[in-house]
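# Report on the structure
Spelled out, the chains give:
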Amino acid sequence: MRTLSACIAFALAVPCFAQEALNTESATQPAPNTIYIKPQFRFWRFGVGANPAPNTSPNAPGVGTQGVSRAEPSVTVQMGLVKDLSFSLKVPMVIEDRTFPADRDLSFALGRVDAQFKLRVFRSDTSSLDTIRAVIYAGALMPSGDDNVAPQTVDPYAGFSAMIIRGRFGLTQSIRYTITTSGGSWEYKNLGGDGPADALKYDTALMYRLSPSEFTAENSGQAWYGSLEVNGLYETNGDNEILLSPGLLFEAQRFAAEFSVGLPVVQDVHHRSPLEFQFSAGLRFVF
């Protein structure tokens, strides 16, 4: 009876987060008429950019940069529509500082809106904690109205994510392909995945519950997790970059807080500025 009570308490206390990693698309989603709200903040620092293109000024936007800093606060709202189907909308703001040999370009604008549908195609719960889930998802990055920070095109994407949770361990694998339509107009502002090449994003996330070691009726209301992500981005122009991103996640009854730091471990980039590091932090609320 004590074990049953603990399982029920945990199921009620953490209804849908289920070890989601910060930078990897999760295979979880809200139940019908349930809403997730996810405010997040990300910061990227990029190194020296490519050499100036022929017949262009050294200070042309995105050409010959000495470094780019980009901050992105965003809010994502995700709602369960019917069983196994959800819709989400992400709205980011972008603050970008590009430094040139003789100039500086500071931009503050609305980033591209990300609209996405997610469909669960498989679910097998072998206990109150252990589960295997898989989803397919599709969406598009849409114009924001400001071409200083993002191409003003519609870029569709589709992907697949699967996760398995066994005891204190969770493993998620996600893959996503984006068709970019910006063409050469965005070539010298591209920071990864914006174009003109298509982009394949591949992510693996390993989660481990640090505390508690076992759930009981008394401690099921919250948990701490350590995370380790491998976040990869391959573009069809041949650029490939892989980050190793350790992080920490705290889950409570109706919210979660998390952060991670990403550092490049593979960097074969010749058509854009290489990433030096990435910082991500976020909150999640369930209503």
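Residues numbered from 1 in each chain as written. Predicted model: local features only at pLDDT ≥ 70, side-chain atom pairs only at ≥ 80, totals over all residues. Heavy atoms only, no water.

## Structural notes on the pairing of strand E8 (residues 169-178)
- Across the two faces of E8 the burial differs, with Gly 170, Thr 172, Ser 174, Arg 176 and Thr 178 buried and Phe 169, Leu 171, Gln 173, Ile 175 and Tyr 177 not buried at all.
- Bridge count between strand E7 (residues 155-166) and E8: 10 bridges; the pairing is antiparallel. From the neighbouring strand, Tyr 157 faces E8, where its bridge partner is Thr 178.
- Counted along the chain from E7 to the antiparallel partner E8, the turn is 2 residues long, and its residue Gly 167 has a positive phi close to 60 degrees.
- By the bridge criterion, 10 bridges tie E8 to strand E9 (residues 199-211) in an arrangement that is antiparallel. Among the inter-strand pairings, Leu 171 is bridged to a residue of E9, identified as Leu 206. (Buried < 20%, exposed > 50% of the residue type's maximum accessible area, 1.4 Å probe, protein only. Helix = DSSP H or I, 4+ residues; strand = E, 2+ residues; numbered from the N terminus. Pairing = 2+ DSSP bridges.)

## Remarks on a nonpolar patch on the surface
- Taken together, Ile 164, Phe 169, Leu 171, Leu 206, Leu 228, Val 230, Leu 244, Val 265 and Val 266 make up a surface patch of nonpolar side chains, about 690 Å² in accessible area.
- Secondary-structure elements contributing two or more residues to the nonpolar patch are E8, strand E10 (223-235) and strand E12 (255-268).
- Checked against the element boundaries, Leu 228 lands in strand E10.
- Given the relative accessible area of 38%, Leu 228 is considered partly exposed. (Patch = residues over 30% accessible without salt bridge, like charges linked within 9 Å, V, L, I, M, F, W, Y side chains within 5 Å. Areas by Shrake-Rupley, 256 points an atom, 1.4 Å probe, with all protein chains shown as cover. Salt bridge = Lys/Arg side-chain N within 4 Å of Asp/Glu carboxyl O.)

## A closer look at the nonpolar core
- In this structure, Ala 21, Ala 205, Met 207, Phe 215, Ala 223, Tyr 225, Leu 249 and Ala 256 together form the largest nonpolar core, which totals 8 residues.
- Where this core is concerned, the elements lending two or more residues are E9 and E10.
- Residue contacts for Met 207: discarding those within four places in its chain leaves Gln 19, Glu 20, Ala 21, Arg 168, Phe 169, Gly 170, Tyr 225, Gly 226, Ser 227 and Leu 249. (Core = buried A, V, L, I, M, F, W, Y, C linked by side-chain atoms within 4.5 Å. Contact = heavy atoms within 4.5 Å.)

## A closer look at the side chain of Asp 130
- As for its position among the elements, Asp 130 is in the loop between strand E5 (113-125) and strand E6 (131-142).
- Of the side chains with opposite charge, Arg 166 comes closest to the buried, unpaired Asp 130, at an N-O distance of 4.7 Å.
- Ignoring anything within four residues of it in the chain, the contact list for Asp 130 reads Ser 124, Asp 125, Ile 165, Arg 166 and Gly 167. (Lys, Arg positive; Asp, Glu negative; His and termini not counted.)

## Quick word on the pairing of strand E2 (residues 67-82)
- Pairing of strand E1 (residues 35-46) with E2 involves 12 bridges; the strand directions are antiparallel. Across the sheet, residue Phe 43 finds its bridge partner in E2, namely Ala 71.
- Across 13 bridges, the pairing between E2 and strand E3 (residues 85-99) is antiparallel. Residue pairing for E3: Val 68 is matched across the bridge by Arg 98.

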